[in-house]
Amino acid sequence: MKKKVGLYFGTFNPIHIGHIIIANYMVEFSNLDEVWLVVTPHNPFKKKSSLLDNHHRLEMVYKACEDYERLKPCDVEFKLPQPNYTAVTLAKLEEDHPDVIFSLIMGEDNLKSFHKWKNYEVILERHSIYVYPRISKGAMENQFKDHPKITRIDAPVIEISSTFIRNAIKDGKNITAMLPVKVWEYIELMNFYK
């Protein structure tokens, strides 16, 4: 029987408890065997601003996943051409892991713009999508409302953002409760976002 893996993409700058809550909820309350947290590399065409180097963000994802047997860090996109397209990433993962059925995990806000993704029809034809709730504006495309490949998961609504966390750290706030302990320790050690 093939293993079912949900792919949860993000820049994870930094990864926080909201990401872990969603990933763990997906693995515990759906039919997924594992969730791989796919760290999106820095897009060379975008201004870098406060995005940490790829290896630092990957290291934080490793640290965040250490205590969760079914959550795995994934750096597949580091080895692919930029900019990254999800359809290309999925094709590469299928090629590398023929024994795995891959699905996408995304917030409801991303599903609303999914029709703008490159080759979204191909993605939907070949993969299931697990959607977690997000508070967001805008309407859902009718084609996605009752689609057989789209499963809504009644996960908790988490309204913590990495931007909020970076700004709070810069402002000297104590936000340790919002980060996995090992991630907070790494941020402190490396003096990030100050």
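- Under an unreviewed UniProt entry, the name given to the chain is Probable nicotinate-nucleotide adenylyltransferase, and the source organism is Gillisia limnaea.
- Under the UniProt heading Sequence similarities (unreviewed entry), the note attached to the chain is "Belongs to the NadD family."
- Regarding the chain, the relevant UniProt record gives this comment under Catalytic activity (unreviewed entry): "nicotinate beta-D-ribonucleotide + ATP + H(+) = deamido-NAD(+) + diphosphate".

### Digging into the packing of helix H2 (residues 54-65) against helix H8 (residues 181-190)
Logical step 1: At their nearest, the axes of H2 and H8 sit 8 Å apart, and the two run at 145° to each other. The segment H2 lies against H8, with His-56, Glu-59, Met-60, Lys-63 and Ala-64 engaging Lys-182, Val-183, Tyr-186, Ile-187 and Met-190.
Logical step 2: Partitioning the contact of H2 with H8 into residue classes produces six nonpolar, one polar and three charged.

### Observations regarding the sheet that holds strand E6 (residues 150-152)
Two modes of strand pairing occur in sheets, parallel and antiparallel, and in both the strands are linked by backbone hydrogen bonds.
Logical step 1: Taken in spatial order, the six strands line up as E3-E2-E1-E4-E5-E6 in an open sheet, and their pairing is parallel. If you trace the sheet from one side to the other, it starts and ends with strand E3 (71-74) and E6, each paired once. Along the sheet, successive strands turn relative to each other by an average axial angle of 30°, direction set aside.
Logical step 2: As judged from the six bridges shared by strand E1 (residues 3-10) and strand E2 (residues 34-39), these two strands associate in the parallel manner. Residue pairing for E2: Tyr-8 is matched across the bridge by Leu-37.
Logical step 3: Sitting on the sheet, helix H1 (residues 17-29) is in contact with E1, E2, E3, strand E4 (100-107) and strand E5 (129-132), with an inclination near 145° to E2.
Logical step 4: Contacting E1, E2, E3 and E4, helix H3 (residues 86-96) crosses the sheet at an angle of about 155° to E4.

The rules behind each value
Residues numbered from 1 in each chain as written. Predicted model: local features only at pLDDT ≥ 70, side-chain atom pairs only at ≥ 80, totals over all residues. Heavy atoms only, no water. UniProt positions renumbered as here; feature names shortened; annotations may be inferred. Axes fitted to C-alpha atoms, helices over the stretch in contact; angles between N-to-C directions. Helix = DSSP H or I, 4+ residues; strand = E, 2+ residues; numbered from the N terminus. Contact = heavy atoms within 4.5 Å. Nonpolar A, V, L, I, M, F, W, Y, C, P; charged D, E, K, R; others polar. Pairing = 2+ DSSP bridges.

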